[in-house]
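Chain by chain, the residues:
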Amino acid sequence: MKLTKLVVASHNDGKIAEIKALLAPLHIEVQSAKELRLGDVEETGKTFEENAKIKANALSLMCGLPCLADDSGLCIDALDGRPGVYSARYAPERNFKLGMEMLLKEIGESGKETRKAHFSCCLALACPNEKVKLFEGRVDGEIALKPCGEKGFGYDPIFIPEGYEQTFGELGEDVKNQISHRRRALEKFIKEIK
Ligand code: IMP
């Protein structure tokens, strides 16, 4: 499949920047739903896959172009996989500083020792008149004892990827973009379109 234009079905600046950086070597014209002023789509699904499909299909219908949607989130073992698909909504008014404090408190109160967690990303590619294609990626790690670093977005300051001693918030985009859940899903997407 050869793509020349792609709309990233997102209004999340952090995600858009990472996806654009990772797709830059492909020389595809990438624009976001935010830049095109396309409306936001309600996430009514119960899984990352369902939500990614819903967003990609809705946006592709709106603009008639190939659309790539990312649904992702942080899954914490001590909280039985929460906040998961509700990661964005867990933080009151998208205040992730507060959301991180709430998560650390919940983990402390869970009575469980484990700090294991992973980020999941499901990408859905919807092209007009074609069946949606899905690409998944995951990065395992641990939840830090307190937020560290200001880089990245969302829950990056409390996530320490496996093999590292610092959070994504401290490691920054060069390291994150080599190993992240989004990078791993995008690698599968890139294989498909090459
Ligand atoms: P959604 O995919 O629009 O439902 O939003 C996913 C939410 O999960 C984001 O708003 C972040 O809070 C969180 N999230 C997803 N990916 C990342 C990441 O790479 N770093 C930090 N937080 C993330």
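Keep in mind the model is a prediction, meaning the values are calculated, not measured. (Residues numbered from 1 in each chain as written. Predicted model: local features only at pLDDT ≥ 70, side-chain atom pairs only at ≥ 80, totals over all residues. Heavy atoms only, no water.)

**Q** Give a detailed account of the environment of E187, specifying residues and quantitative values.
**A** Tracing the backbone through its elements, the reader meets E187 in helix α6 (residues 181–193). Overall, E187 belongs to the partly exposed group, its relative accessible area being 40%. Each C-alpha atom of the pair E187 and F135 lies 8.7 Å from the other, and the pair is 52 residues apart in sequence. (Helix = DSSP H or I, 4+ residues; strand = E, 2+ residues; numbered from the N terminus. Buried < 20%, exposed > 50% of the residue type's maximum accessible area, 1.4 Å probe, protein only.)

**Q** Tell me about the pairing of strand β2 (residues 29–32), and name the residues and values.
**A** Burial of β2 is one-sided: the residues V30 and S32 facing one way are buried, the residues E29 and Q31 facing the other way are not. Pairing of strand β1 (residues 5–8) with β2, which is carried by four bridges, proceeds in the parallel orientation. Directly across from V7, in β2, lies its bridge partner Q31. (Pairing = 2+ DSSP bridges.)

**Q** Quick rundown of the pairing of strand β5 (residues 133–143)? Include the residues and the values.
**A** Judged from the ten bridges that link them, strand β4 (residues 116–126) and β5 form a sheet pairing that is antiparallel. Its bridge partner lying in β5, L125 is registered against K133. The turn linking β4 back onto β5 is made up of six residues, and N129 within it adopts a positive phi angle of 65 degrees. When β5 meets strand β6 (residues 159–161), the two strands line up antiparallel, connected through three bridges.

**Q** Please give an account of the nonpolar core that cites residues and values.
**A** Core analysis: the biggest nonpolar cluster contains 20 residues, and L74, I76, L103, I143, Y155 and I158 have the highest contact counts within it. Looking at this core, the elements with two or more residues in it are β3 (67–76), α4 (96–110), β4, β5 and α5 (168–179). If you tally residues by element for this core, the top one is α4, at four residues. Look past the residues within four positions of I143 in its chain and what remains in contact with it is L74, I76, L104, I107, R115, A117 and I158. In terms of nonpolar packing, the next biggest core, distinct from the first, is built from 19 residues, L22, C121, F189 and I193 among them. (Core = buried A, V, L, I, M, F, W, Y, C linked by side-chain atoms within 4.5 Å. Contact = heavy atoms within 4.5 Å.)

**Q** So what's going on with the environment of P128? Which residues, and what values?
**A** Mapped onto the secondary structure, P128 falls in the loop between β4 and β5. The class for P128 is partly exposed, based on a relative accessible area of 36%. Measuring from C-alpha to C-alpha, the distance between P128 and S87 comes to 29 Å, with 41 residues separating the pair along the chain. Filtering out sequence-adjacent residues up to four positions away, P128 remains in contact with S60, G64, L65 and P66.

**Q** I'd like a rundown of unusual backbone geometry, residues and numbers included.
**A** Along the chain, R82 connects to P83 via a cis peptide bond; the corresponding omega equals -5 degrees. Within the secondary structure, P83 is located in the loop between β3 and α3 (87–90). Residues other than glycine seldom take positive phi values, yet R37 does so here, at roughly 55 degrees. Along the chain, the position of R37 falls in the loop between β2 and α2 (48–63). Look at R37 and you get exposed, because its relative accessible area is 76%. Positive phi, close to 55 degrees, is recorded for D80, a residue that is not glycine. Within the fold, D80 resides in the loop between β3 and α3.

**Q** Talk me through the sheet that holds β6; I want residue IDs and the actual numbers.
**A** Read from one edge of the open sheet, six strands run β2-β1-β3-β4-β5-β6, paired in mixed fashion. Here the strands that pair on one side only, and so sit at the sheet edges, are β2 and β6. Strand-to-strand twist across the sheet, computed as the mean angle between neighbouring axes with direction ignored, equals 35 degrees. Contacts from α5 reach β4, β5 and β6, with the element oriented near 45 degrees to β6. (Axes fitted to C-alpha atoms, helices over the stretch in contact; angles between N-to-C directions.)

Shape descriptors only; they carry no functional weight alone.
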